[in-house]
Each structure stands twice: as C-alpha cells, then as structure tokens.
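# Examination of the molecular architecture
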Protein chains: 2
Amino acid sequence: VEARDTEALDAIIDTLHPADVADILEQISGPERREFLDLYDGDILGEVLSELDEGLREEVINALQPDDLTAAVRELESDDVVDLLEDLEEPQQERILEALPASDRAAVEQALTYPEFSAGRLMQPEVVRAPEHWRVGDAIDYMRSDTAYLPEQFYHVVLVDPMMRPTGYVTLGKLLASPRETPLMEIVEDSFRTVPVDEAEGEVAYAFNQYHLISMPVVDNGGQLVGMITIDDAMVVLDEEAEEDILRLAGVGENRISDRVWDTTKRRFPWLAVNLVTAILASIVISQFEAVIAQVVALAVLMPIVASMGGNAGTQSLTVAVRAIATKDLTGANVWRVVRREVLVGLVNGLFFALAMGIVGLIWFGSMQLGYVLAIAMVVNMVVAGLAGILIPVALEKIGVDPALASGAFVTTVTDVVGFFAFLGLAAIMLL
Amino acid sequence: VEARDTEALDAIIDTLHPADVADILEQISGPERREFLDLYDGDILGEVLSELDEGLREEVINALQPDDLTAAVRELESDDVVDLLEDLEEPQQERILEALPASDRAAVEQALTYPEFSAGRLMQPEVVRAPEHWRVGDAIDYMRSDTAYLPEQFYHVVLVDPMMRPTGYVTLGKLLASPRETPLMEIVEDSFRTVPVDEAEGEVAYAFNQYHLISMPVVDNGGQLVGMITIDDAMVVLDEEAEEDILRLAGVGENRISDRVWDTTKRRFPWLAVNLVTAILASIVISQFEAVIAQVVALAVLMPIVASMGGNAGTQSLTVAVRAIATKDLTGANVWRVVRREVLVGLVNGLFFALAMGIVGLIWFGSMQLGYVLAIAMVVNMVVAGLAGILIPVALEKIGVDPALASGAFVTTVTDVVGFFAFLGLAAIMLL
C-alpha cells in the first residue's frame, strides 16, 4: 500500500482469503483503510465486505466508488447480500439493491420481509428438491440437466409432497452410493427436521448443534418449503450468540475491538452508570454504620473483603446459570435442585473462607470478636451469592429479559448490600 | 419411569433424539438416573452416552451392566468412541476397548496416540479419496462399488497424488452435476486446505469458521492423508471453546450445571482463594490510611465506589480483549492502537463519572474538597482500568497463559489497589 502500486496490491490481495483481507482491514487504522480502498480494485471486494465487522461495513461502503460497490455486490449470493443490507441505513440499502440484477433483488427484498434474526434471514432460497416418488436416477438426471440453478453449496436433496411440503431428505453421499433404481424414500435420513421461517436464529443454531444437522429445510406458515439453512451459517450464528453472551456478561453490549473511541465509550457507559447506582446503594448501606466505623476503623479495612468474596461467588453462580439457560440445561424441571446445590456450595466454600478470614481477623487485629464477625458475614454473603446467582437469571429469563445482559448488576448489588450490611451490622451488635 | 414399565419407557425414549435423552438424564436426580438406567434397554444408549456431559458419563457407565455397555459402544462410530474414552479412567477404557470389534479397536487406539485436543482426536479415519487423474464417472463407479466402506457422513471426495498426499477436493454436488467425462481436477474447490494431525482443535474450529469450510483433510508429518474433519465436529469444538472462555472469565473453570456439590465446590474454590488474596491486598492498602479514615469517616463510605467503577471498566476492557485475542482480531499489529483507544475510552467515561461523583460528594457530604478527590481518583482509576484491561491479557497470551483464565484476578487487583490508593492518598493530601 505504501508504494501505491495498485497492480502489486491486487495481486497480493487476490491470493488471500476474503476473511483474512477483512481481518487486515479491521486491524489497520482509518486513513490506511481509505488508502487501501482507493488503491484496491481486485475481484474479491464483495466477499471481503460480507466478512467485515458490522461496525466497519458502513465506513467501507461509503468510501467505495459506486461502480466498485455495484461490481462487488453482484458477486455475492443473495443470503450474503441480505446479511450485508440489514445493518445499513436506508439510502445505502437502496444503492445496493439497485445494483443487483432483478431476480436477485426480488430474493433479497423477500428475505428482508422476514423478521430480523429469524430463520428467513439466514436461509438461501435455492433448494434442490425432488418429488417423493422419484428414484435415485431421476434425481441425478434432474441435477445434471439443470446445473445453472444449483446452489453453490448443498448437501441434501429435499423430498416434497405435491403441496410442496418437505417430507424428508437424502444426503448426496447416499444418492451417489445407491443404485439408480432405488426409490428416494428408502434412503431418507432419520435426522430430518424442518424449521418455521420466523424461528429465532439462536434456536436454529441450537438445533444444528444439538442434533448434529448439516442442513435444515425452512417452511412457511402453510408448511411449504421456502428455503434451506446450511450448517456453515448456523455455525456463524452460534459463534455470534456465544460472543454476545460473553460481552453482555461483562456489560459491554455489542462492543468490538474495531469500534471507534466514541462508539466504545457510548456502548460501555450505560453499564457503568448502572454500576454507579449499585455502588452508591452500597455506600448508603455503609453510611448507616458511620458511627461504628468511626469507633473501629478496622471495619473499614476489612469490609471490602466480604463484599468482594460475595461478588465473586455470585458471578460464578450466575455465569454457570446464564450459560445453562442458553444451552437449555437449566429448566423448570431442575431449577430447585440447582438452587439447593448452589446454596450448599456457597455454604461449604463460605465455611472454608470464614475460617480463613476469622484467623486473618484474629492475627491482624488481635480481636477474636472481629474474627467471628468476619466469619459469620462471609458465610451469610456466600450463601446469598449462590442463591442470587441462580434465582436472578432464572427470574429475568421468565420475564423475558436476556439474563446475560442484566444479571450481573442485580447480583453484585445484592452481594454488596448484603455483604456490607451483614458485616457492619454484626459488628455493631458484637463489637460495641 | 415411576410405573417401572420397561417396554413403555423404551418405546417413548426411542422416539426421542439421543441428545434430548442425554439432556433429560442430566436434569433428573442421581437416584432417578439409576432407576432409569436399570429400566431402559432400548437401542440408542450408545448415542445417548456420547451426548452426555463428561461429568455424568463416568457415573452412567459405571451403572450400566457390562452387556448393555458392550452393545451400546458397538453402535458408535470410531470418532465418537474416542471422544467417549478420552475422559474415562484406565479400567473403564479397557472395558470399552474390549467390547469393540478388532478393526474399530485399532482405529480407536490409533486415535488415542494423538495428543488430546488435537485434530487427530477429532477426525474420522474413513475418507473417500480418488487419484488425481480420475474423472467424475470413475469416482461415482468407485463409490457405488464400495458402499460398505463409505463414511456415515461425507461431503467431499479428496484427490490424492500417488504418494497419498491430498491435493484438492470435489464437492458431492459438483460431482453429481457434472458430466461423467469431466476430469475431477477441473471441478476442485478453491476453499481446499489441509490441517496437520497434531494441530490444536481450537485452531481447527477457528479455520472452519473463518473460511466457511465443510470438511478439512487431515495430514500427518509426511503430508499424507490420514483422516477428515467435518464441520459438525468443528461446530461442537467452537461451542466448547466459547463456553470455556465464558466460564474461565467468571473463574469457574470447567464447572457445569450437572456437576455435584463437592465437585462444584472444589472447582470454584481456587478462584475464590485468589480473590481472597487480592481482597486482602486491597485491605492492606486501606489499612495504610486508617488514620485518615478515622478522621473523615465519609471516606470509608465512598471508597468502594471508586474501586467498583474501576473494576467494572477493567472487566469491560479485558473481556473485549480476551474475546479479540480468541478470534485473532487483536494482534501485534494493532495492539498499540487498541491500547490508545482503551485509555481514551477510560478517560472520557472517567470524566463523565468524575463529574457525577464530584456532585454526589458535594451534595451528600457538603464538601467541595471531597468532590475533587472522588473525581480525580475516578479518572485515574478508569484510565488505569483501560490500560490494565488490555495489557494484562495481551501479556498473559505472550507468555502462554490462557488470558481468559487469569486476567480477571490481575485486573481487579490493579483496579482495587489503584482505586483505594488514589482515593485515600489524595484524601490524605487534600483533606488533612
């Protein structure tokens, strides 16, 4: 790029995989990126665009010449164009739609009528289908005759009844290995299941992972075949969902490493603001005991320990719970067993650390009483942490809030308040 | 199960998918599980075993009659048996190996010679291969003639040179759609790449996701084809890796919802112990300022706010960093740009919250000075949080420690110590 040699750059870039080029674009700085885009006019721009982080796509699309953009988008399959379009503003969407050939444009516009993050957005409309009564030979002849209409990637031939409702599928492997006269119905797979077009993409990814599927036919409300989702798209969703959980648990929403300072600041601000309210709440609890602290300053030294241990134990329980809810391992059937277990774990670990802290209190400040207070407060807070760490995410899930998003704030509020209150309250009773 | 009706139970269970049966086993209690296993003798026990959480497998295998276990294992493909075996103790491994037919046993024993979590453990040894000079018709005839040896699931035919080194692959779709006389070399895919047999499974999953692969041939040190990894196995690994990151970030290691109380307690203990040391370190910092706190008790009330805000901001930065390292979006090339951005984000958010806290300090305690102290300490700690949140995971990665595992403890230690020190130190200077 530095030498401003367009041809050399094109030659290098075109040997790379589009996903790697997108990674490079994400890692260089803004001005470097603009210079790169001015220079590069190779063949894989469309695929690079669809690999790019959403935050950068808009910037890159705006930086492109209309001609380059048109050429880039025409290379893509319609489901990739949908993916590209859904995060863009109206005028940019228009520009790209106009660049498409009419048939592709219709497919993309159809996909955009389905709800965001639904199976309909994820699927490709092209499906290789065969009437139920066909034999292996019929299916092979049909595919040979019509190669222009075959999807880029496909792994199953879907059997449909006369109403175009899918009733089973056959793997290409079985098709190739079976004699031509075998009826397709005889070699269908057990794993066959369909998904409604408005199903959430997270559920789709879960089904692929749970049932080891490779492709899943998509049906509309009438049960008719409208498209096909393949495992590679499901894998991307699964990866995104896990990423979302990780980032939400840490209170950073959609924040990516390639976001700019101001976007990042805005994305992190709300969670920090929630945390500030939480922290002030804890401070109000502490302020109720100012008189006690003024008499025994050691309390101020030791009180963060109880709160911090509770906070950590709570985060442990809550993370396991959030993850188990996401993977459907925590349900109404076992929630009370899990709660009992978390409380027991809190109790056992609480007792260990109570013993440790009792000894620390005794040695450091030479007070048996202080040791008792620390120990009791520790046990109380760790049991509460276990309880809150399970019940809060389960309750949030029940009322329809993503437990990954909001649990952390609630759980630490509980452990801070209980921690300070138990420790300082006990101290007020036992030490004064 | 309650009615102890074996036949009815078998009938119901055999209509379910093995993965769902495994989920049921994970969610019921221990005694219910034993009763279930005594009663059930349906056909899908082997697959249920391989879907089961690792923590439960040992329990279930021990509860099974040797005959049932033998029958169960014989149903499985060799890569599933490997997956089942690698988490078991020696005597159980022996029992299962003895139950296998000799050819499967050899394949399983071969797989177990590869390092744990390597491509070799993940692959299936059966690959459909064809000499480079073959035409489409040759490949189809070969598959038809030899159906007994075809893998259960396969999506590509791998071309090999005379030394058995893979040189490309052809999708079954292209094979079906092309005329019989087309040379296979003309319809190979661009996406072709191989993976060494000792590559880490995390890298394999990353490659599948990054390059949208469906299958990847595995080669030994001589470059010869030894097996094939398919996307469904890579998807499971990707899911496990994300889960591992989530759980490690929260300090719960391998903890699952179905683990028992004592296992859970042991797994969570080490991180809580680390946190205790951290908390005591923070307490030691506070204890240096006992005299100041004794004079201005308001400091004890407000000090947790500064530490808590820093801890949260640090966790945000560190989570984004850990995730970006895992997805290879944070590398040597952009680390300084990211550090600069994190510091700026910390500064901007720090200034906002400094203003807010300055006002809180002023109104609550009526002291302009206290407001200043809070505000300055807040800015300092949030900038430090941004810095530590990036540099600590990057440094851990450099020295070969998983940043997800250890970053949290280090970052909160830094933000606690800096938070308390900055706040109380400034207070000592400005208020006394």
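Everything numeric in this text was worked out from a predicted model, so none of it was measured.

### Notes on the sheet that holds strand β4 (residues 195–196) of chain B
Residue and element names in this part refer to chain B.
- Read across the open sheet, the three strands follow the order β4-β5-β6; overall the sheet is mixed. Each edge of the open sheet is held by one strand with a lone partner, namely β4 and β6 (225–230).
- As defined by bridge partners, β4 adjoins strand β5 (residues 215–219) across two bridges and the pair is classed as parallel. In the sheet register, Pro 196 faces β5, and the bridge partner there is Val 219.

### Observations concerning the interface of chain B and chain A
- Opposite the 122 residues of chain B that make contact, chain A presents 122 residues.
- Interface area, chain B with chain A, both sides summed: about 10200 Å², of which 65% is carbon and sulfur.
- At the surface where chain B touches chain A, the tally comes to six salt bridges.
- As a salt-bridge pair, B:Glu342 and A:Arg268 come within 2.7 Å of each other at their nearest N and O atoms.
- In this assembly, chain B and chain A are joined by 45 residue pairs in polar contact (both at pLDDT 80 or more).
- It is helix α17 (residues 298–326) of chain B that contributes the most residues to the side of chain B that touches chain A, 18 residues altogether.
- Partitioned by chemical class, the residues of the side of chain B that touches chain A number 70 nonpolar, 28 polar and 24 charged.

### Considering the relation of the copies chain B and chain A
- When chain B is fitted to chain A, the residual RMSD is 0.0 Å, and the transformation amounts to a turn of 180 degrees plus an axial shift of 0.0 Å. Both copies are brought into coincidence by an operation consistent with a two-fold rotation axis.

### Quick word on helix α11 (residues 136–145) of chain A
- Three or more residues of α11(A) are buried, namely A:Val136, A:Gly137, A:Ala139, A:Ile140 and A:Met143. Projection of α11(A) onto a plane perpendicular to its axis shows the buried side chains occupying an angular sector of 165 degrees, all on one side.
- Buried positions along α11(A) lie against β2 (156–160) and α12 (172–177) of chain A together with α11 (136–145) and α12 (172–177) of chain B.

### Side note on the packing of helix α15 (residues 261–287) of chain A against helix α20 (residues 403–431) of chain A
Residues and elements named next belong to chain A.
- The contact between α15 and α20 brings their axes to 9 Å, and the two run at 15 degrees. Regarding the angle of α15 to α20, the classification is roughly parallel. The chirality of how α15 crosses α20 is right-handed. Within the contact between the two elements, α15 uses Trp 271, Val 274, Thr 278, Leu 281, Ala 282, Val 285 and Ile 286 and α20 uses Leu 405, Gly 408, Ala 409, Thr 412, Thr 413, Asp 416, Val 417, Phe 420, Phe 421 and Leu 424.
- Broken down by class, the residue content of the contact of α15 with α20 amounts to twelve nonpolar, four polar and one charged.

### Regarding the nonpolar core
- Ranked by size, the top nonpolar core spans 80 residues in total, and within it A:Phe423 and B:Phe423 carry the most contacts.
- Apart from the residues lying within four places of it in its own chain, the contact partners of A:Phe423 are A:Leu299, A:Leu302, A:Met303, A:Val306, A:Val373, A:Leu374 and A:Ala377.
- In this structure, A:Val158, A:Val197, A:Tyr211 and B:Leu213 belong to the second largest nonpolar core, which totals 56 residues.

### Here we look at a nonpolar patch on the surface
Residues and elements named next belong to chain A.
- On the surface, a cluster of nonpolar side chains totalling about 760 Å² of accessible area is made up of Leu 355, Ile 359, Leu 362, Ile 363, Met 368, Tyr 372, Ile 376 and Val 380.
- For the nonpolar patch, the secondary-structure elements that each account for two or more residues are α18 (335–365) and α19 (368–398).
- Tracing the sequence through the fold places Met 368 in helix α19.

Definitions and cut-offs
Residues numbered from 1 in each chain as written. Chains lettered and ligands numbered in written order. Predicted model: local features only at pLDDT ≥ 70, side-chain atom pairs only at ≥ 80, totals over all residues. Heavy atoms only, no water. Pairing = 2+ DSSP bridges. Helix = DSSP H or I, 4+ residues; strand = E, 2+ residues; numbered from the N terminus. Contact = heavy atoms within 4.5 Å. Buried area = accessible area lost by both parts, 1.4 Å probe. Salt bridge = Lys/Arg side-chain N within 4 Å of Asp/Glu carboxyl O. Polar contact = N/O pair within 3.5 Å; in protein donor to acceptor, adjacent residues only side chain to side chain. Nonpolar A, V, L, I, M, F, W, Y, C, P; charged D, E, K, R; others polar. Least-squares fit on C-alpha atoms with pLDDT ≥ 70 in both. Buried < 20%, exposed > 50% of the residue type's maximum accessible area, 1.4 Å probe, protein only. Arc of directions from axis to C-beta. Axes fitted to C-alpha atoms, helices over the stretch in contact; angles between N-to-C directions. Parallel < 35°, antiparallel > 145°, perpendicular 65-115°, else oblique. Left-handed = near helix turned anticlockwise from the far one by under 90°. Core = buried A, V, L, I, M, F, W, Y, C linked by side-chain atoms within 4.5 Å. Patch = residues over 30% accessible without salt bridge, like charges linked within 9 Å, V, L, I, M, F, W, Y side chains within 5 Å. Areas by Shrake-Rupley, 256 points an atom, 1.4 Å probe, with all protein chains shown as cover.

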